[in-house]
Amino acid sequence: MFKKVITIFILSLYTGFCSAQQVRPSKSSEIYRELKTLKKLPKVLYLAAHPDDENTGLLSWLINDQNVETGYLSLTRGDGGQNLLGTEQGAALGLIRTHELLEARKLDGAQQFFTRAIDFGFSKNTTDTFKQWDADSITADVVWVIRKFRPDVIICRFPPNAAAGHGQHAASAVVAEKAFKLAGDKNAFPDQLKYVNVWQPKRVLWNTFRFGGVNTTAENQLKVTVGQYDAQLGMGYGELAGLSRSLHKSQGAGTQSVAGIRTEYFAHVIGEPAKETLFDGVTKTWTSQGNTDIDQSLDTIISTFNFNNPDLGLPALLALRKKVVALKDGDLKRDKLKSLDQIILSCAGFMGEVVTNQAEAVAGEHYNFRLNLVSRATNPIVLDHVKWLDQSESFNRKLAKDSLITIEHKIQIPAEAALTEPYWLAKPAKNAATFSVPDETLVGLPEAESPLNVWVGLKIDSENFEVKLPLSFKKLDPVRGDVVEALRIVPAIELKFTQPLYVVKENEDLHLSLNVKVNSNKQFNKGILNLMYHGERLGSADINSINGKDTTIDYVIPKTKLSTINSSRLQLDANFVADGVTYNKKQILIQYPHLPSLQYFTPATVTIMKGDIQSKVKKVGYIEGAGDFIPEFLRIAGIQVDILKDEDFYGNIDQSGGNGNQNKLSQYDAIVLGVRANNTEKKLGRWMPFLWSYAKTGGNLVMQYNTNQDTTVDQLGMYNFSIANKRVTEENAAVTFLNPNHKLLNFPNKITADDFKGWVQERGAYFPAQWDAGYEPLFEMHDTDEEPLKGSTLYAKYGKGNFIYTPLAFFRQLPAGNVGAARLFLNFLSAQKN
């Protein structure tokens, strides 16, 4: 029999992720692993710079074979990378990659942490990196994670030198060593000690590697065998690692699931050297801490665990909990109680959710919710009470085994409820390299826990539990089945310009369209739309009524007003004032099949490109590559853009029965290959002969950058050139014009040094290193103290036409509204018109 009542507060139950919208039991095999992890005391923190830097094979082994609690600390969220799925860049891409990491962690079982550092793009060394990153701020964040997670061993993926291959990689090793020295020092970052205690890890190791032609392993390093087969997983840890890593879909990081054992190598960095194992000198068991009774209890629970009826272990688990509660080490007790509570509810087969049929809600308004509960324990769980957001309700109702109960309740969203968005995007960033966080105790978390929750009071025999269930949206998707996501709080009114940017030439009026979306059930009869520039009103319009949920408002800013603004790139802000409330938020909603719906808000702004922007092309064919905004930009600039498919190369069959197999490429003033088209478009091999023929007979072929990873064709140009990992990362690097009189620099726009001002993140990447004499390079540029590079744009005359290869980062500059980059790109498209 169960005895004395103990109140148990389970603050949140999830498998390591704040995003879980249901409390669900783990599988029996997972419970069994969690029990073995409960028996082990060591912790490991793996540390690197970006999503996908982690060694998933090692993480999988540590968690599933060694049963050691393991976390991955990625300094950044991958904001500065490239996107193979869509057009998201910057903060939006970082949000995608955050959740791809969380999906990967669900597979390999590790926890996930971050700092406030922003991935600002490729850097070549730590000097460049720490010009952007505040080393003290990032070190403080790493110290915070160490003190909170309390790892015994820290493992770096990279060394602090050029062998890391990326300045941010190397910087992660530098910061790791600094944080190791400071985490146990009470005089370092003392404000943290209001929430956490100092903690001194035992050692820092570097997980050496063989990457390409770089081999940093050595036989005198500490060696560990990983990749073993796990019968409960039905695969080896290397196979699990391949599945985990392949969830980094935005990076195209699909990885083979490799069976069989392999060796991991580790070099000592700092702390007590490890001679035999990663955990030399680390307290490994409860017995070594003097808690032999806990060890013995766990041995019995594990040896008698019933995979078919895990609830049979509940009496022993609840007895074990009393022993854990009695621990004097508060940090250890907190960690292990959290794990033990999750195991107890999993063994009881408990599932709980609070769901509504609406994906979005507005603060202050009422919505119908359903509380669904089910238990699979033989001894009934009792639903004692429910604390809704605004009231409590008593029940004292038994949950019959395997019988779902549903309780309907209308909930009012608190009037002060914040909009649903990532905590690191809720405020403007401190600078281009550091996020601003409203509550510094959130640092390290992949995302904040939901602030809108229903608390369910349960009794398992005589023990009391408080279980937190976040408000959620649930729907039946015809392809995916049940989809349960976080309820998203949105403004009563949202604003969004119908285009992400506008192009207006000199001496033209600017025609804008703005969508006003009403999310509230409240009726808005009238309002005022204001367009602002640098805090001053540029124009306004009285809106007598908002018809329905969506209203589009057209507005014209006359050229006389535009002419008073001496800037080629303008950012206009919109706000809508109704019933004394100002609305100025634009929703960014990201939806991909492998991720939950992701949302954040920005001011309702739009970029205006203003100036002498000339184009002589009317119709462009486009071969899509990785996520690329350029087709949309060209349409905004007034150019017809056709996305090319198979039939455009092979022609159409004449409907009269004649031979109409003439390819249609000759109709285009230019054909553009999108970013990394050779890496993503697998039909390109069939299409290239047609493209070469198009150029030879008078066409204009423009190809943007590609990499050497997973290529479709070996020879991209009519004449040979070889792509290398050459790049210019300094966006303000000086540009030398090698032939200022070249037609690409003079028609229809006269290109000068001014057109290279205001570029963002980089000049370009993956420049050709060698090329045939048939090519003419147009520019020379380089990063500080490096050799000049001439491969940023290559031009070749081919037959009657032109071929241009340009790895300049137009895919970043055009969404940013850079007029100079637009003028140059339009020159490339207009080459055959000159």
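Residues numbered from 1 in each chain as written. Predicted model: local features only at pLDDT ≥ 70, side-chain atom pairs only at ≥ 80, totals over all residues. Heavy atoms only, no water.

Colleague: Explain the packing of aromatic side chains to me, please; I cannot follow it from the model alone.
Modeller: The description of two aromatic rings rests on the distance between their centres and on the angle between their planes. Counted under the stated rule, the structure contains 29 aromatic pairs. An angle of 50° between the planes, with centres 5.1 Å apart, marks the rings of Y32 and F307 as tilted. Of this pair, Y32 sits in helix α1 (residues 28-39) while F307 sits in the loop between α8 (292-303) and α9 (314-325), placing them 275 residues apart in sequence. A residue is classified by how much of its surface remains accessible, and Y32, at 17% relative accessible area, is buried. Take F307: its relative accessible area is 35%, and that puts it in the partly exposed class. Where Y719 meets Y775, the ring centres are 5.8 Å apart and the plane angle is 80°; that geometry is what we call edge-to-face. Of the two residues, Y719 sits in the loop between β37 (700-704) and β38 (721-728) while Y775 sits in the loop between β40 (764-771) and β41 (776-777), which places them 56 residues apart along the sequence. Lying over the aromatic face of F130, K178 brings its terminal NZ or CZ to 5.8 Å of the ring centre. (Phe/Tyr/Trp six-rings, centres within 6.5 Å; stacked < 30°, edge-to-face > 60°. Helix = DSSP H or I, 4+ residues; strand = E, 2+ residues; numbered from the N terminus. Buried < 20%, exposed > 50% of the residue type's maximum accessible area, 1.4 Å probe, protein only. Lys NZ or Arg CZ within 6 Å of the ring centre and 35° of its normal.)

Colleague: Mind showing me how you'd approach the packing of α1 against α8 here?
Modeller: When two helices pack together, their arrangement is given by the angle between the helix axes and the distance between those axes. Relative to each other, α1 and α8 sit at 165°, their axes nearing to 10 Å. With respect to α8, the axis of α1 lies roughly antiparallel. The hand of the α1/α8 crossing is left-handed. On the side of α1, the interface is formed by Y32, L35, K36, L38 and K39, while α8 contributes D295, L298, D299, I301 and I302. Of the residues contributing to the contact of α1 with α8, the split by class is 6 nonpolar, no polar and 4 charged. (Axes fitted to C-alpha atoms, helices over the stretch in contact; angles between N-to-C directions. Parallel < 35°, antiparallel > 145°, perpendicular 65-115°, else oblique. Left-handed = near helix turned anticlockwise from the far one by under 90°. Contact = heavy atoms within 4.5 Å. Nonpolar A, V, L, I, M, F, W, Y, C, P; charged D, E, K, R; others polar.)

Colleague: Help me out: how do you make sense of helix α3 (residues 90-108) in this one?
Modeller: Spanning 19 residues, α3 covers 27 Å between terminal C-alpha atoms, matching the ideal 27 Å at 1.5 Å per step. For α3, the tally of buried residues reaches 15 of 19 residues, placing the bulk of the element in the interior. Residue G109 follows α3 closely and has a positive phi angle near 90°. (Expected span 1.5 Å × (residues − 1).)

Colleague: Explain the pairing of strand β2 (residues 43-48) here, please?
Modeller: Two faces make up the sheet, and in a regular strand the side chains alternate between them. Burial analysis of β2 places 6 of its 6 residues in the buried class, which makes it a mostly covered element. Across 6 bridges, the pairing between β2 and strand β3 (residues 69-74) is parallel. Bridging from a neighbouring strand, A48 pairs with S74 of β3. You can see the chain leave β2, run along helix α2 (residues 56-64) and come back into β3, and the turn it takes is right-handed. (Pairing = 2+ DSSP bridges. Right-handed = clockwise from strand over helix to strand, strands pointing away.)

Colleague: Teacher, can you tell me more about the pattern of salt bridges here?
Modeller: Two side chains carrying opposite charge are able to pair once their charged atoms lie near each other. Scanning the model with the defined rule gives 38 salt bridges in all. D335 is the salt-bridge partner of K43, the closest N and O atoms lying 2.6 Å from each other. Of the two residues, K43 sits in strand β2 while D335 sits in helix α10 (residues 330-347), which places them 292 residues apart along the sequence. Like D335, K43 is buried. (Salt bridge = Lys/Arg side-chain N within 4 Å of Asp/Glu carboxyl O.)

Colleague: When you look at the sheet that holds β37 in this model, what are you seeing that I'm missing?
Modeller: Strand pairing in a sheet takes place through backbone hydrogen bonds and is either antiparallel or parallel in direction. Within the open sheet, the 7 strands sit side by side as β35-β34-β36-β37-β44-β43-β41. Their pairing is mixed. Looking at the sheet topology across the chains shown, the edges are occupied by β35 (640-643) and β41. In the sheet, strand β34 (residues 619-623) pairs with strand β36 (residues 670-673) via 4 bridges, with the strands oriented parallel. Among the inter-strand pairings, G621 is bridged to a residue of β36, identified as I671. Here helix α17 (residues 819-829) sits on the sheet and contacts β34, β36, β37 and β44 (801-806); the angle it forms with β37, its principal contact strand, is near 140°.

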